[in-house]
Amino acid sequence: MGTFSCPLRLTNMDSDLSATVDATVDTGAFYTQAPAETLRRIGVRPFDSFIFRLADGRNVRRDVGRAWASVNGAKEVTLVVFGDDEAPALLGAYTLEGLNLAVDPVHQRLLPIETRTL
């Protein structure tokens, strides 16, 4: 499967401050990541830090916060990882599930999930 990106709008939980990033859709990433500078600029604050295993096998500790995520008209609260400022934004599986979006890898797009599983 090739990768593709989409506009991801992240909004502070307590205000209307927001930023739109071009996020790589990455179902191999559990959480969504955005540059730390972008998250701080819109007032997202970390509530904890987690250890993550990167694609190259390294373990790193990163701050984690909460923000509203909006994609294609769908909006939901999600966890966001404060990534390195030069790292790409990633739209992870946790956020995709929350937004009820599925990945269409053939046409490189996101589709609404019509039926949910209990």
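In short, a report on the structure. Everything quoted here is computed from the prediction, not taken from an experiment. (Residues numbered from 1 in each chain as written. Predicted model: local features only at pLDDT ≥ 70, side-chain atom pairs only at ≥ 80, totals over all residues. Heavy atoms only, no water.)

For the coordinates displayed, the defined rule picks out five salt bridges. For aspartate 63, the salt bridge goes to arginine 40, with nearest N and O atoms at 3.9 Å. A residue pair is termed long-range when its members are at least 10 positions apart, and aspartate 63 in strand β5 (residues 59–71) and arginine 40 in helix α1 (residues 36–41) qualify at 23 residues. With a shortest N-O distance of 2.8 Å, arginine 58 and aspartate 56 are connected by a salt bridge. (Salt bridge = Lys/Arg side-chain N within 4 Å of Asp/Glu carboxyl O. Helix = DSSP H or I, 4+ residues; strand = E, 2+ residues; numbered from the N terminus.)

Note on placement: alanine 23 falls in strand β2 (residues 18–25). Contacts of alanine 23, omitting those with residues within four sequence positions, involve Phe4, Ser5, Cys6, Leu8, Ala89, Leu90 and Leu91. (Contact = heavy atoms within 4.5 Å.)

This part covers the nonpolar core. Judged by nonpolar contacts, the single largest core of 25 residues is most densely connected at Leu8, Leu10, Val71, Leu91 and Leu110. Looking at this core element by element, the count peaks at four residues for β2. With residues near it in sequence (within four places) discarded, leucine 110 still touches Phe4, Cys6, Val25, Val71, Asn72, Leu91, Leu96, Leu101, Ala102 and Val103. Counting residues in hydrophobic clusters, the runner-up holds five residues, among them Val60, Val64, Leu79 and Val81. (Core = buried A, V, L, I, M, F, W, Y, C linked by side-chain atoms within 4.5 Å. Buried < 20%, exposed > 50% of the residue type's maximum accessible area, 1.4 Å probe, protein only.)

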